[in-house]
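# Understanding the architecture of this molecule
Residue-level listing of the chains:
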Amino acid sequence: MSKVQNLGIPSIDSLKYRIPIKYLEGYDVELTDKFITINESTGEQKGDFKTQSKEYKFEGFSIYASIQKQQRISLTDFEDCLIILFSSKVLKSKYFYGITSKNIGLVYTTIVDAGIMSCSFDRFLLGTPTDVDFKKDYLLELEPYKDILSGCSKMTKPSSNRDKGCTVFRTKENLGISWSVRKTNRAKTNPHLKIYHKGIELTFKSNNFRELYLKGVDVSDVIRIETTVKNKDHFKSLGLGLKNFSLGELLDLDIDSLNKIISTAVNCHLLPRSKMMQFKTDKLMSPKDRVYLNSMLGFFELEMSFDRVFNLMSNGIEHKVSKSRFKTTFKDLYSTHVKGTTFDVKVPKIDSYYDSIGWV
C-alpha cells in the first residue's frame with residue numbers, strides 16, 4: 001500500500017467559482033434553465049446549490065453549474081454570472097494534494113472540455129471564489145483521534161446559538177466534530193469548521209471514487225480538518241493581503257497564509273489551550289500541591305506531553321534552585337497521582353497535532 005501524499009500541508013478542497021457571463025466566449029446553453037434563487041433582503045442563496053444546478057457527471061465525481069441573474073460584482077454593478085461548484089476530486093489520483101496553482105490547469109481543462117464554459121486560462125483565473133473549503137490531512141490512529149475529538153469538545157466555547165458550539169458525530173459513515181453551520185451569516189466570527197475521519201468517509205461515502213483513483217493508497221488512518229471562508233468580506237477579515245480576490249490571487253497565497261485561515265477558525269471556536277479544568281483526587285496533600293495537581297491534570301486531559309506541561313507550569317520561575325525544587329515536586333506528583341492512570345499521556349503526537357492546527 002502506498003502512503004497518502006501532502007500530509008500536514010494546507011490546500012483548497014472545494015469552492016464555488018463565479019465569473020460574469022460577458023467575459024466568456026461561450027457557455028452551456030442548457031444552463032439558461034438553471035437559475036440560483038437569491039434572498040433579496042440577505043443576499044443569501046435560497047435552497048441547495050446542487051439541486052438548482054446542472055450536474056456534470058464524471059467517473060466518481062460531479063461538477064455543478066448554474067446561472068445567477070444580476071449578481072452584485074461591486075457596490076454599483078450587477079451582472080449575470082456563471083457559478084460553478086467543483087472540488088479536488090477533479091484531480092483524481094492527486095486528490096490529497098488539493099487544488100493549488102500547480103494543478104489548477106487540470107481543473108480548467110476539465111471544465112472547458114465538459115462544455116460548461118469557454119474562455120482563456122488567464123481569464124479563468126480572474127473569476128471570483130466563494131464558499132472556499134481549506135483543508136489539512138494527517139495520519140493518526142483511531143484511539144488518539146477519539147481523544148482529540150474529546151479534548152476539542154470539552155474545550156469548545158460554550159453557547160446556545162446554533163451558529164456556535166459543536167456537534168459531535170459518531171456514525172458508521174463518519175466520526176468527527178463540527179462547529180457552526182455552512183450557511184451562517186456570522187462567518188467572520190464563527191466560521192464553519194470540521195474535523196473528521198477521511199479514511200472512514202472515503203470508505204462509506206466516496207467508495208466509488210476511492211476504488212477508481214485511490215486504490216492501493218492506505219487511507220485507513222487519515223483525518224482531516226476543514227474550514228470554510230464564505231466570501232470577500234470574510235477573506236478581508238483574515239488580513240491575508242488579498243486585493244482583487246480572484247481565483248488566481250487566492251491560489252498564490254503561501255502556506256503560512258493558508259495555515260492562518262485554519263488556525264483562525266480553530267481559535268474562534270475553542271477556549272485557550274492553556275485553560276485549566278478541575279479534577280479531584282482522593283489523596284491527601286497540601287493546598288499548594290493540590291493546585292499543582294489540578295493544573296497538571298487539566299493539561300494532561302488536553303493530551304499535552306509531560307515536558308510541555310512542565311514548561312507551561314514553570315514559566316516565569318527564573319531562580320534555578322526554585323525551578324529545580326518545583327520540578328522535583330512536579331515529578332513526584334506525576335509519579336504518585338498521574339503515571340499509569342487514565343490521565344497519563346498515551347500518545348505525545350496528539351500535542352503536536354494541536355500545534356499543527358494552530359490552537360493556542
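Scroll up for the structure.
Notes on the structure in this doc start here. (Residues numbered from 1 in each chain as written. Predicted model: local features only at pLDDT ≥ 70, side-chain atom pairs only at ≥ 80, totals over all residues. Heavy atoms only, no water.)

### Let's talk about the layout of surface pockets
A volume near 400 Å³ is recorded for the second largest pocket. Elements with a contribution of two residues or more to the lining of the second largest pocket: β1 (11-20), α7 (247-251) and α8 (255-269). Residue composition of the lining of the second largest pocket, by class: 10 nonpolar, 5 polar and 3 charged. (1 Å grid on protein atoms, 1.4 Å probe; cavity = no way out; pocket = protein on both sides within 12 Å on 5 of 7 lines; lining within 4 Å. Points joined across faces, edges and corners; volume = space filled by probe spheres on them. Helix = DSSP H or I, 4+ residues; strand = E, 2+ residues; numbered from the N terminus. Nonpolar A, V, L, I, M, F, W, Y, C, P; charged D, E, K, R; others polar.)

### Some remarks on the environment of arginine 210
Counting through the fold element by element, arginine 210 comes out in helix α5 (residues 207-213). Along the chain, arginine 210 and tyrosine 95 lie 115 residues apart, while their C-alpha atoms are 9.8 Å from each other. Dropping the residues within four chain positions of it, arginine 210 is found in contact with Leu202, Thr203, Lys215 and Val219. (Contact = heavy atoms within 4.5 Å.)

### Things to note about the packing of aromatic side chains
Scanning the entire structure with this criterion turns up 15 aromatic pairs. Ring geometry for phenylalanine 326 and phenylalanine 330: centres 6.0 Å apart, planes at 40 degrees, overall tilted. Of this pair, phenylalanine 326 and phenylalanine 330 both sit in helix α11 (residues 320-338), separated by 4 residues, roughly a single helical turn. What makes phenylalanine 330 buried here is its relative accessible area of 2%. Three or more aromatic residues joined by ring pairs form one cluster here, namely Tyr17, Tyr108, Phe121 and Phe124. Above the ring of tyrosine 23, the side-chain terminus of arginine 123 is found at 4.7 Å from the ring centroid. Taking NZ or CZ as reference, lysine 194 lies 4.5 Å from the ring centre of tyrosine 196, over its face. (Phe/Tyr/Trp six-rings, centres within 6.5 Å; stacked < 30°, edge-to-face > 60°. Buried < 20%, exposed > 50% of the residue type's maximum accessible area, 1.4 Å probe, protein only. Lys NZ or Arg CZ within 6 Å of the ring centre and 35° of its normal.)

### A look at the pattern of salt bridges
For the structure on display, the rule yields 14 salt bridges. Aspartate 28 is paired through a salt bridge with lysine 54; the nearest N and O atoms lie 2.6 Å apart. A residue pair is termed long-range when its members are at least 10 positions apart, and aspartate 28 in the loop between β2 (26-27) and β3 (54-58) and lysine 54 in strand β3 qualify at 26 residues. Overall, aspartate 28 belongs to the buried group, its relative accessible area being 12%. (Salt bridge = Lys/Arg side-chain N within 4 Å of Asp/Glu carboxyl O.)

### Examining the pairing of strand β10 (residues 193-197)
Of all 5 residues making up β10, 4 are buried, and the element is well covered by its neighbours. Where β10 meets strand β11 (residues 222-229), 5 bridges bridge the pair, whose relative direction is antiparallel. Among the inter-strand pairings, lysine 194 is bridged to a residue of β11, identified as glutamate 226. (Pairing = 2+ DSSP bridges.)

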